[in-house]
Amino acid sequence: MQLDLFEDEPTPQKEDTRTCRICKEQKPSDLFQSTTGGKAKQRVCKSCFKYQYKKVKQLRETVALPNKDYLCPICKRGEKELKNLEKTKSTVWSFDHCWETLTFRGWLCHRCNRGLGFFTDDKQSLLNAAAYLGDYK
């Protein structure tokens, strides 16, 4: 029948892929962990993430927490001030490390560590942010 000529053929679905920022390989999206909210995917594939997590965990075991008079190298706040600011009883220090070299960089307060994370450790973005703030002070 002539109507058979107009039947829809199944269109091939384009596979949803992402490129891992570590291994630089393009892989199916299901090989990437969902973000906390579940609406997006991480930028690192599961295998690279597991490898990095294991290495960072080993590295973390070799570095002691900073002493009581330690100041965050970015904001220059101490533990007591940070605990009041963060309203926490646990440690205020974050283990800062380089995701590319898997080396320890130092202890930062949670706020400064998150700030670096939001800027994805991009120096130029941080310089741009400092210049932007300089325009308004």
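Residues numbered from 1 in each chain as written. Predicted model: local features only at pLDDT ≥ 70, side-chain atom pairs only at ≥ 80, totals over all residues. Heavy atoms only, no water.

**Describing the environment of Cys98**
Here is the rule we go by: Strands here are runs of E lasting at least two residues and helices are runs of H or I lasting at least four, both read from the DSSP assignment and numbered beginning at the N terminus. Only heavy atoms enter the contact rule, under which two residues are in contact if any of them lie within 4.5 Å.
For Cys98, the location among the structural elements is in strand E5 (residues 93–98). Each C-alpha atom of the pair Cys98 and Asp121 lies 8.6 Å from the other, and the pair is 23 residues apart in sequence. Those residues within four positions of Cys98 in sequence are excluded, and the remaining contacts are Thr103 and Arg105.

**A short note on the layout of surface pockets**
Empty space among the atoms can be located by rolling a probe the size of a water molecule over them. Here is the rule we go by: Using only the protein atoms, space was sampled on a 1 Å grid; points where a 1.4 Å probe fits but cannot get out form cavities, open sets with protein on both sides within 12 Å along at least five of seven lines form pockets, and lining residues are those with an atom within 4 Å of a point. Grid points are joined across faces, edges and corners, and a volume is the space filled by probe spheres set on the points. Any residue that is not Ala, Val, Leu, Ile, Met, Phe, Trp, Tyr, Cys, Pro, Asp, Glu, Lys or Arg is counted as polar, Gly included; the first ten are nonpolar and the last four charged.
A volume near 930 Å³ is recorded for the largest pocket. Around the largest pocket, the lining is made up of 27 residues, and of these Arg21, Trp99, Leu116, Gly117 and Asp121 lie nearest the centre. When grouped by side-chain class, the residues that make up the lining of the largest pocket number 10 nonpolar, eight polar and nine charged.

**Looking at the confidence of the model for the chain**
Rules: pLDDT expresses how confident the predictor is about each individual residue, on a scale running from 0 to 100.
Model confidence for the chain is summarised by a mean pLDDT of 86, while 88% of its residues fall at 70 or above. Mean pLDDT in the chain bottoms out at strand E4 (residues 41–45), which sits at 86, and peaks at strand E6 (residues 103–109), which reaches 95.

**Here's the deal with the side chain of Lys27**
Mapped onto the elements of the fold, Lys27 is located in strand E2 (residues 26–28). Residues within four places of Lys27 in sequence aside, it is in contact with Asp16, Thr17, Arg18, Phe32, Cys45 and Ser47.

**Looking at the pairing of E6**
Put simply, the rule is: When DSSP finds at least two bridges between two strands, those strands are taken to pair.
Two elements, E5 and E6, share six bridges in a ladder whose sense is antiparallel. Each residue of the ladder has a partner; that of Ser94, found in E6, is Leu108. Counting the residues in the hairpin turn of E5 and E6 gives four residues, including Leu102, whose phi is positive at 55°.

**Observations concerning a nonpolar patch on the surface**
Put simply, the rule reads: The residues that make up patches have over 30% relative accessible area and no salt bridge, and they are joined within 9 Å when like-charged or within 5 Å when they are Val, Leu, Ile, Met, Phe, Trp or Tyr. Exposure was quantified through the Shrake-Rupley algorithm and a 1.4 Å probe, taking into account, for residues, occlusion by the shown protein chains and nothing else. Each reported salt bridge corresponds to a side-chain nitrogen of Lys or Arg within 4 Å of a carboxyl oxygen of Asp or Glu.
Taken together, the side chains of Tyr132, Leu133 and Tyr136 define a hydrophobic patch exposed on the protein surface, amounting to about 400 Å² of accessible area. Looking at the element boundaries, Tyr136 is found in the segment after helix H4 (123–134).

**Focus: the pairing of E4**
Across two bridges, strand E3 (residues 32–34) lies against E4 in antiparallel orientation. Across the sheet, Phe32 pairs through a bridge with Cys45, a residue of E4. Hairpin connection of E3 to E4: six residues between the antiparallel strands, including Gly38 at a positive phi of 80°.

**Observations regarding helix H1 (residues 46–60)**
Short version of the rule: Here, expected helix span is obtained from the residue count minus one, scaled by 1.5 Å. Remark: exposure states derive from per-residue accessible area (1.4 Å probe, protein chains only) relative to the maximum for the residue type, with buried under 20%, exposed over 50%, and partly exposed in between. As used here, the arc belongs to the directions running from the helix axis to the C-beta atoms.
Across its 15 residues, H1 extends 21 Å between first and last C-alpha, which sits within 8% of the 21 Å expected from 1.5 Å per residue. Inspection of H1 places Cys48, Gln52 and Val56 among the buried residues, and these make up the whole buried set. Relative to the axis of H1, the buried residues are bounded by an arc of 55° and lie together on one face. Every exposed residue of H1 that faces more than 90 degrees away from the buried side is listed here: Lys50, Tyr53 and Lys54. If you follow the buried residues of H1, they end up packed against E4 and E5.

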